[in-house]
Amino acid sequence: MLRAGALLALGGAAAPLTGCSLLDREEPPRPDPLAPLIDESLRLAAGLRAAADAHPDLAARLVPLAETHEAHATELARVTGTALPSESPSGSTAPPPPEQPASRAATLSALRKAERVGRDSATAACAAAPGDRVALLGSIAAARATHLEALK
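Per chain, the residues get numbers from 1 upward, laid out in the order the sequence is written. Local features are withheld for residues below a pLDDT of 70 in this predicted model, meaning they are given only at 70 or higher, and side-chain atom pairs are given and counted only at 80 or more; totals for whole chains, interfaces and linings count all residues. Excluding hydrogens and water, the side-chain values take into account all heavy atoms of the structure.

Quick look at helix α4 (residues 59–80)
Given 3.6 residues to a turn, an α-helix orients residues that are three or four positions apart in the same direction.
And then number 1: Starting at the N terminus, helices and strands are each numbered in turn, a helix being any DSSP run of H or I of at least four residues and a strand any DSSP run of E of at least two. Each residue after the first adds 1.5 Å to the expected span of a helix. Its 22 residues give α4 an end-to-end C-alpha distance of 31 Å, which sits within 8% of 32 Å, the value for a rise of 1.5 Å per residue.
And then number 2: Buried within α4 we find Leu-62, Leu-65, Ala-66, His-69, His-72, Ala-73, Leu-76, Ala-77 and Thr-80. On an axial view of α4, the arc spanned by its buried residues comes to 135°, and they lie on one face. Exposed and facing more than 90 degrees away from the buried side of α4 are Ala-60 and Arg-78. Accessible area is worked out with a 1.4 Å probe on protein chains only. A residue is then buried under 20% of its type maximum, exposed over 50%, and partly exposed in between. The arc in question is the one traced by the directions running from the helix axis out to the C-beta atoms.

Shown next as C-alpha cells:
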C-alpha cells in the first residue's frame, strides 16, 4: 500500500507540471552548420552546367565537376537530414545559375574564383566540424581544390 501511495503521490505531483507552459515549449531545431555547404555545392554545380551550356567545347571538362558537386550536395543532405531542393512544375526551386561571361577565358576565371571560395568554405567547415564529419568535409575541400586545377 505504501508503494501505491508513493506512486500516486508522485504521479499526482507530476501531472500539474506537464500542463505547465514552460515545460511544453520546445526549442526550434537549429539549422545544421553544414546546410550552407549544400546550397553552395548546388550553386557551384549550376554554374558549371551553365558554363558548359554556354561553351559546349568545355562541357567534357565541366560536367564531371558539376556531377561531383551534386554528389557532395546529396551526401551533405543525407548527413544533415536536409531535403535537397526539388524540381517543381514551374522549374527548379534553386536559384538560377549566374550569367556566364561571353569569353571562354573569362568563364574559366569566374569558375576558378567560385571554386576557390567553395574550397575555402569547405576547409573552414572541416576545421570546425566534429570528428564524424571531418572525412566528408575533407574530401569535399580536396575535390574543390582539384577542380581549381581542372579549370586552368
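What follows continues from the structure just given.
Overview of the packing of α4 against helix α6 (residues 131–150)
And then number 1: The N-to-C vectors of α4 and α6 enclose an angle of 165°; their axes lie 11 Å apart at closest approach. Taken together, the axes of α4 and α6 are roughly antiparallel relative to one another. When the axes of α4 and α6 are compared, the crossing they make is left-handed. For the pair α4 and α6, the contacting residues are Arg-61, Leu-65, Thr-68, His-69, His-72, Glu-75, Leu-76, Val-79 and Thr-80 in the first and Arg-133, Leu-136, Leu-137, Ile-140, Ala-143, Arg-144, His-147 and Ala-150 in the second.
And then number 2: Gly is placed with the polar residues, together with every amino acid not listed as nonpolar (Ala, Val, Leu, Ile, Met, Phe, Trp, Tyr, Cys and Pro) or charged (Asp, Glu, Lys and Arg). Its residues assigned to classes, the contact of α4 with α6 shows 8 nonpolar, 5 polar and 4 charged. Fitted lines through C-alpha atoms serve as axes, helices being fitted only where they are in contact, and the angles separating the N-to-C directions of these axes extend from 0 to 180 degrees. Here the angle decides the label: under 35 degrees means roughly parallel, over 145 means roughly antiparallel, 65 to 115 means roughly perpendicular, and every other value means oblique. When the near helix sits turned anticlockwise from the far one by under a right angle, the crossing is termed left-handed; a clockwise turn instead gives a right-handed crossing. Here a residue-residue contact requires only that any non-hydrogen atoms of the pair lie within 4.5 Å.

Points about the pattern of salt bridges
And then number 1: By convention in these notes, a salt bridge is any Lys or Arg side-chain nitrogen within 4 Å of a carboxyl oxygen on Asp or Glu. Under the defined criterion, the tally for this structure stands at 7 salt bridges.
And then number 2: Glu-40 serves as the salt-bridge partner of Arg-144, at 2.6 Å between the closest nitrogen and oxygen. Note that Arg-144 is positioned in helix α6 and Glu-40 in helix α3 (residues 35–54), a separation of 104 residues in sequence.
And then number 3: Measuring nitrogen to oxygen at the nearest pair gives 3.2 Å for the salt bridge that ties Lys-152 to Glu-149. Side by side, Lys-152 and Glu-149 carry an identical accessibility label, which is exposed.

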